[in-house]
Amino acid sequence: PWQGKACESCHGPGAKHAESGAAADIQNPVKLAAARSEKICLECHGSQPALRARAHGAHSRSQVSCVACHRVHGPVAELTLKAAGVVNRQCSGCHQAEWADFLRPHTHRLREGAMSCTDCHDPHGSSRPRSMQTVSANEPGCFRCHGDKRGPFPFEHPPVRLEGCQLCHEPHGSRNPRMLVRAEVRFLCLECHSNIGSKPALGGIPPALHDLQSPRYRNCTICHSKIHGSFVSRGLTR
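1. So, the overall build of the protein chain
In terms of regular secondary structure, the protein chain is built from 10 helices and six strands. Rg of the C-alpha trace for the protein chain: 25 Å, well past the compact-globule value of 18 Å for 238 residues, more than 25% over. By its C-alpha atoms, the protein chain is 90 × 35 × 35 Å across when sized along the principal axes. Across the protein chain, contacts joining residues at least 24 apart in sequence account for 39% of those joining residues at least 6 apart. Of the side-chain charges in the protein chain, 30 are positive and 19 negative, and the distance between the mean point of each set is 5 Å.

What follows is the structure, given as structure tokens:
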């Protein structure tokens, strides 16, 4: 199976280099333009399903070549970037703002080695925004771990279905508990469930008995605990 896949398959004809010994007379994929270097890799790896999606990926559009992440020579674990620690170090080299998010108080357990960036993102490309992984063919990759939020529910919370998890949660890390985008749950709920401003409420207005000046009604999820969807209650109550 390795016929035709010797050194020259990546480095080009070596006769001239063997005679002169000059580095300029050999092809080095690391020093080539991204499109040319990528073409060399895909001559062998282009038939793999993960790499066929590279045309849709941000790395390819941004001219990030395969060798920017993968080593050509080295241990198998480093070539394939399978180990979580290796993947995370590689990604954090470019995505420093995202890595800084993981230093916040409430995050996914990535720094502890419990998961890696590729659990949520497909580095080779995806048809979904941000190269997100999918589960069960076409659903967001969040449900791979958070299967209890998946449903289908007879009574759905529309933002879960239409907007996705990122409407309420910071995916990489947050200063707020449960990685919420707001410091308090009520402020997050009132972005849709209030008539403040010129636009009508998107999700309906709370009844008059919900006096937000009273601490009793300031934490919406005390009663409406099934905010991702419910099997029994249209009001998403427990």
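2. Some points on the environment of Gly229
With respect to the element layout, Gly229 can be found in strand S6 (residues 229-230). Note on Gly229: relative accessible area 8%, which makes it buried. Each residue touching Gly229, except ones within four places of it in the same chain, is listed here: Phe153, Phe155, His157 and Leu236.

Here is what the cut-offs are and how they apply
Residues numbered from 1 in each chain as written. Predicted model: local features only at pLDDT ≥ 70, side-chain atom pairs only at ≥ 80, totals over all residues. Heavy atoms only, no water. Helix = DSSP H or I, 4+ residues; strand = E, 2+ residues; numbered from the N terminus. Rg over C-alpha atoms; globule rule 2.2 N^0.38 Å. Contact = heavy atoms within 4.5 Å. Lys, Arg positive; Asp, Glu negative; His and termini not counted. Charge placed at Lys NZ, Arg CZ, Asp CG, Glu CD. Buried < 20%, exposed > 50% of the residue type's maximum accessible area, 1.4 Å probe, protein only.

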